[in-house]
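# What the coordinates show
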2 protein chains.
Amino acid sequence: MSRANLRDVAERAGVSVRTVSNVVNTPDVVATTTRERVQRAIEELGYRPNIAARQLRRGRGDVIGLVVPEIDSPYFAELAAHVVRAAEELGWTVLVEQTDGDPARERDLLDGARGHGVDGVVFSPWSLTPAEVSRRAGAPPVVMLGEQAGFGHVDRVAIDNQAAAREATTHLVASGRRRIAAVGLQPHLSNETARHRRAGYREALAAGGLAVDTALEVPVDRLHHADGVRAMEALLDLAEPPDAVFCFTDQLALGALRACATRGLRVPEDVALVGFDDIEAGRYSVPALTTVAPDKQRLAELALATLAERIADRSLPGRDLVVPHTLVVRESAPA
Amino acid sequence: MSRANLRDVAERAGVSVRTVSNVVNTPDVVATTTRERVQRAIEELGYRPNIAARQLRRGRGDVIGLVVPEIDSPYFAELAAHVVRAAEELGWTVLVEQTDGDPARERDLLDGARGHGVDGVVFSPWSLTPAEVSRRAGAPPVVMLGEQAGFGHVDRVAIDNQAAAREATTHLVASGRRRIAAVGLQPHLSNETARHRRAGYREALAAGGLAVDTALEVPVDRLHHADGVRAMEALLDLAEPPDAVFCFTDQLALGALRACATRGLRVPEDVALVGFDDIEAGRYSVPALTTVAPDKQRLAELALATLAERIADRSLPGRDLVVPHTLVVRESAPA
DNA sequence: ACGTGGCATTGCAACGTTGCAAACTGGGTA
DNA sequence: TACCCAGTTTGCAACGTTGCAATGCCACGT
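Residues numbered from 1 in each chain as written. Chains lettered and ligands numbered in written order. Predicted model: local features only at pLDDT ≥ 70, side-chain atom pairs only at ≥ 80, totals over all residues. Heavy atoms only, no water.

- Chain A goes by LacI family DNA-binding transcriptional regulator in an unreviewed UniProt entry, where it is assigned to Nocardioides abyssi.

Set out below in structure tokens:
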């Protein structure tokens, strides 16, 4: 016996298909006795609505896509947790896709989570250029996360990365550091976020009367711990190593921390470290990470609220929404 | 103008609806010239298949659910990454749901990811009792992850938690530790996995001629860093603190590590630590964590392969599949 | 000229649901 | 008694796609 449908229930309860549908969707319009009889039939047959048919008929499926580079990076994992929770609040379920930062995959998935009939998409790009976010006829609405500027007609939700990076670096300057490195540029990707963070970093240096030394601006391949280790080792191999490092993600910072330990350097005494993202692991590392904390929950909620509005009215103009952040001072770069 | 459908394309290309469908699904049966004409029309109209209609017609939607307690716990995040990748390999997309370990939510979601028309579900339970995994008429097939034994008719994929815990503890015994604690029991949940790990831990103690001291078996509320901190502090407050701690997850171990640092204890000199899960953060902590490493990729692949088989043939008997694990010896508990 | 076989294309129906509007029911009112 | 209205229930059609089976077409061999 296959899965029961409305007709099976209707037959069993001795009512019309339409009435069963009413019991499921608008129970209050059905007479009490009828409703109870139908509900019993539903129970007995184990009826569950066919979502595909409902979606086809209604024109929406209450599913949204979440497209991130990698769901196992702590920042994205934490973000995803907030998105899933916020989505549930709105009656949505979340479909997760990974791009691995691959431009081609980002482009494909931008067109609607592999076409999987989602009502909308929350998209966290790494390498997408603004030009690529256009001409997407028939694709579901998208909200972009992060600092990819210049999309214009597309909604975007992000923290002010440049200001955040400036504050982080200023904190290091203020604590007396004079040779401050930056780790996390990704020149091989058109990663706008990294660019903004570097801009903020440089602003803070200038404001503190420090010169930019490009030898201290270390590019990385990816943003994992291992990349942080490599970058830190490179910095420590310099003739004049830094006395502070601003890492563009906490993962990089934790890698840098590890590299310092391996080399026998003390943090923060010999080198101060600041991260970015405020992932849980950074709150419990030894020493605990000073870091920029984006309000991830707010970010998720705002992204979904924006998406909901756009789904309701696709003619809305594109919006640029800013979410607050704070600098959390911990042991790796104390005041 | 709304979204284009097969009929719009057919009209524009001057062919039948069926031929357009053929171009989309089985291009090789269509003549080259026709195919090109249709493809041009598809491009021009920006046609994208309606997934709901396809799903309704085909009877499957190539979407599976992944139900985990929390997607932002590193272990589940890493697992999810593997699941998403493996799913893509099989042409599936993954819908993620979080239970927060809440029994009621676990029960609901077990019945098919909030009914969201998934073809199958990969379920990672925390507190579900075997009795609850029954009588699910019409619900999609499920593969259970972890050590929830006794489901019988349901497929299950897991590592041998008891053996793994035994090996981890034996490693501590072999390195000369004599007062070995265990952190991670969750007596308030019917968490079978924790039970198995304790059984393995006790086995190893017995084999090493050590007595079980229930004062050294520390329960925790959740499995986060903070719980590890609290548990470790409790252990260090004992009249006779342990010289080694086996934590049931790496997150707990990292919390314990942090607590040791705060108290000025050296790891591994004063206390050795072993974790479980082999999350990335544990590979870069100071000191790096000795831990049990489940083959997560294998776990994900096997779970999905099993699910695929069950979807194909729902009359298959329930299977219990075991995935390999290894003990990775690092600094927190050297040989 | 005609049948044959292979390739290409087509029409019909159905998947399960819900929007719409019509139809029925019973009791209260003019 | 005839009528009306609110409360219930119903039938029909359509959402967009694909399985099935039939039809059309053409080149080839006889």
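## Focus: the protein's contact with DNA strand C
- In the vicinity of DNA strand C lie 24 residues, with Leu6, Tyr47 and Arg57 of chain A together with Thr19 and Thr34 of chain B positioned nearest.
- Sugar and phosphate atoms represent 64% of those atoms of DNA strand C found within 4 Å of the protein.
- Within the side chain of Asn25 of chain A, one N or O atom sits 3.0 Å away from a phosphate oxygen of DNA strand C.
- Listed by contribution, the elements that provide at least two residues to the surface near DNA strand C are helix H2 (17-25) and helix H4 (51-58) of chain A together with helix H2 (17-25) and helix H4 (51-58) of chain B.
- With five residues, the top contributor of residues to the surface near DNA strand C is H4 of chain A. (Near = heavy atom within 4 Å. Polar contact = N/O pair within 3.5 Å; in protein donor to acceptor, adjacent residues only side chain to side chain. Helix = DSSP H or I, 4+ residues; strand = E, 2+ residues; numbered from the N terminus.)

## A closer look at the packing of aromatic side chains
- Per the counting criterion, the structure on display carries eight aromatic pairs over all chains.
- Residues Tyr75 of chain A and Phe76 of chain A carry aromatic rings whose centres are separated by 5.3 Å and whose planes lie at 70 degrees to one another, so their mutual orientation is edge-to-face.
- When its relative accessible area of 17% is taken as the criterion, Tyr75 of chain A is described as buried.
- Measuring from centroid to centroid gives 5.3 Å for Phe246 of chain B and Phe248 of chain B, while their planes differ by 55 degrees, and the two rings are tilted.
- By relative accessible area, Phe246 of chain B is classed as buried at 0%.
- The class for Phe248 of chain B is buried, based on a relative accessible area of 2%.
- Taken together, the ring pairs connect Tyr75, Phe76 and Trp126 of chain A into an aromatic cluster.
- Directly above the ring of Phe276 of chain A sits Arg197 of chain A, whose terminal nitrogen or CZ lies 3.6 Å from the centroid. (Phe/Tyr/Trp six-rings, centres within 6.5 Å; stacked < 30°, edge-to-face > 60°. Buried < 20%, exposed > 50% of the residue type's maximum accessible area, 1.4 Å probe, protein only. Lys NZ or Arg CZ within 6 Å of the ring centre and 35° of its normal.)

## A short note on the interface of chain A and chain B
- Across the contact, 55 residues belong to chain A and 55 residues belong to chain B.
- When chain A packs against chain B, close to 4,500 Å² is buried across both sides, 55% of that on carbon and sulfur atoms.
- It is Arg48, Arg258 and Tyr284 of chain A that lose the most area in chain A upon contact with chain B, and together they represent 14% of the buried surface on that side.
- Its salt-bridge partner being Arg85 of chain B, residue Asp100 of chain A comes within 3.0 Å of it at the nearest N-O pair.
- Our count for the chain A to chain B interface comes out at 12 residue pairs in polar contact (both at pLDDT 80 or more).
- For the side of chain A that touches chain B, the secondary-structure elements that each account for two or more residues are H4, helix H5 (74-89), strand E2 (93-98), helix H9 (225-236), helix H10 (250-263) and helix H11 (280-284) of chain A.
- Its residues assigned to classes, the side of chain A that touches chain B comprises 25 nonpolar, 15 polar and 15 charged.
- Bridging between E2 of chain A and strand E2 (residues 93-98) of chain B involves three bridges; their strand directions are antiparallel. Residue pairing across strands places Val96 of chain A opposite Val94 of chain B, the latter belonging to E2 of chain B. (Contact = heavy atoms within 4.5 Å. Buried area = accessible area lost by both parts, 1.4 Å probe. Salt bridge = Lys/Arg side-chain N within 4 Å of Asp/Glu carboxyl O. Nonpolar A, V, L, I, M, F, W, Y, C, P; charged D, E, K, R; others polar. Pairing = 2+ DSSP bridges.)

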